[in-house]
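Coordinates in review
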Amino acid sequence: MAVNGVKGEVGFIYVIRDNELKRLYLGKKSYFGAGVNNKGKESDWRRYKSSSKVLAELFKVRPKSEFDFICLEQYKTKGTLSYSETWSLCHVEAPTSDYWYNTLIEKVSWNVKESITQRHKDRLNMVLDWADSKEFI
């Protein structure tokens, strides 16, 4: 995973692309531990692959060359790191998409049985367009 470094950053958002099954996984990784025993110590980010149990099993039986590891962005605060992961997973509607391995967002599982409707998206965009035109946002 190509990452510029850790100076002033707390972690990064990454995507793993499974080139054989044409699926994706999005996650976050902190550069330093936050727990009682490892607070402030450098994490395993250099060798880290994923917290996904499904991907862990795939990595055992398939070569690394079948996957791409992509760093999307680094962030300076833990709050922004968590928010950016959540925002990204919501943006792509990961829990209802067949393209994403992600089924949880921030370790929360909703019983989602349908995608966000196009009407919902269109109406929300209309509200945002209206608010933007009125310099509301």
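It should be noted that the structure appears before, not after, this text.
What counts, and where the lines are drawn
Residues numbered from 1 in each chain as written. Predicted model: local features only at pLDDT ≥ 70, side-chain atom pairs only at ≥ 80, totals over all residues. Heavy atoms only, no water. Helix = DSSP H or I, 4+ residues; strand = E, 2+ residues; numbered from the N terminus. Polar contact = N/O pair within 3.5 Å; in protein donor to acceptor, adjacent residues only side chain to side chain. Contact = heavy atoms within 4.5 Å. Pairing = 2+ DSSP bridges. Axes fitted to C-alpha atoms, helices over the stretch in contact; angles between N-to-C directions. Core = buried A, V, L, I, M, F, W, Y, C linked by side-chain atoms within 4.5 Å. Buried < 20%, exposed > 50% of the residue type's maximum accessible area, 1.4 Å probe, protein only.

**Overview of the side chain of Arg62**
- Considering the arrangement of structural elements, one finds Arg62 in the loop between helix 1 (53-61) and strand 3 (67-75).
- Within the local environment of Arg62, its side chain forms a polar contact with the side chain of Glu66, the two groups lying 2.5 Å apart.
- Once residues within four sequence positions are removed from consideration, Arg62 is found in contact with Asp18, Glu20, Leu21 and Phe67.

**Comments concerning the sheet that holds strand 3**
- Strand order in the open sheet formed by three strands is 2-1-3, with antiparallel pairing between adjacent strands. The outermost strands of the open sheet, each flanked by one partner alone, are strand 2 (23-30) and strand 3. Here the average twist between neighbouring strands, direction ignored, is 20°.
- In the packing of helix 1 onto the sheet, contacts are made with strand 1 (11-18), strand 2 and strand 3, and the angle to strand 3 comes to roughly 140°.
- On the sheet, helix 2 (residues 78-91) packs against strand 1, strand 2 and strand 3 and is oriented at approximately 170° with respect to strand 2.

**Topic: the nonpolar core**
- Grouped together as the largest cluster of nonpolar side chains are 13 residues, with contacts concentrated most on Tyr14, Ile16, Tyr25, Leu55, Phe59 and Phe67.
- Contributing elements (two or more residues each) for this core: strand 1, helix 1 and strand 3.
- Ignoring anything within four residues of it in the chain, the contact list for Phe67 reads Ile16, Arg17, Asp18, Asn19, Leu55, Leu58, Phe59 and Arg62.
- Judged by nonpolar contacts, the second largest core, of eight residues, contains Ile13, Leu81, Trp100 and Ile105.

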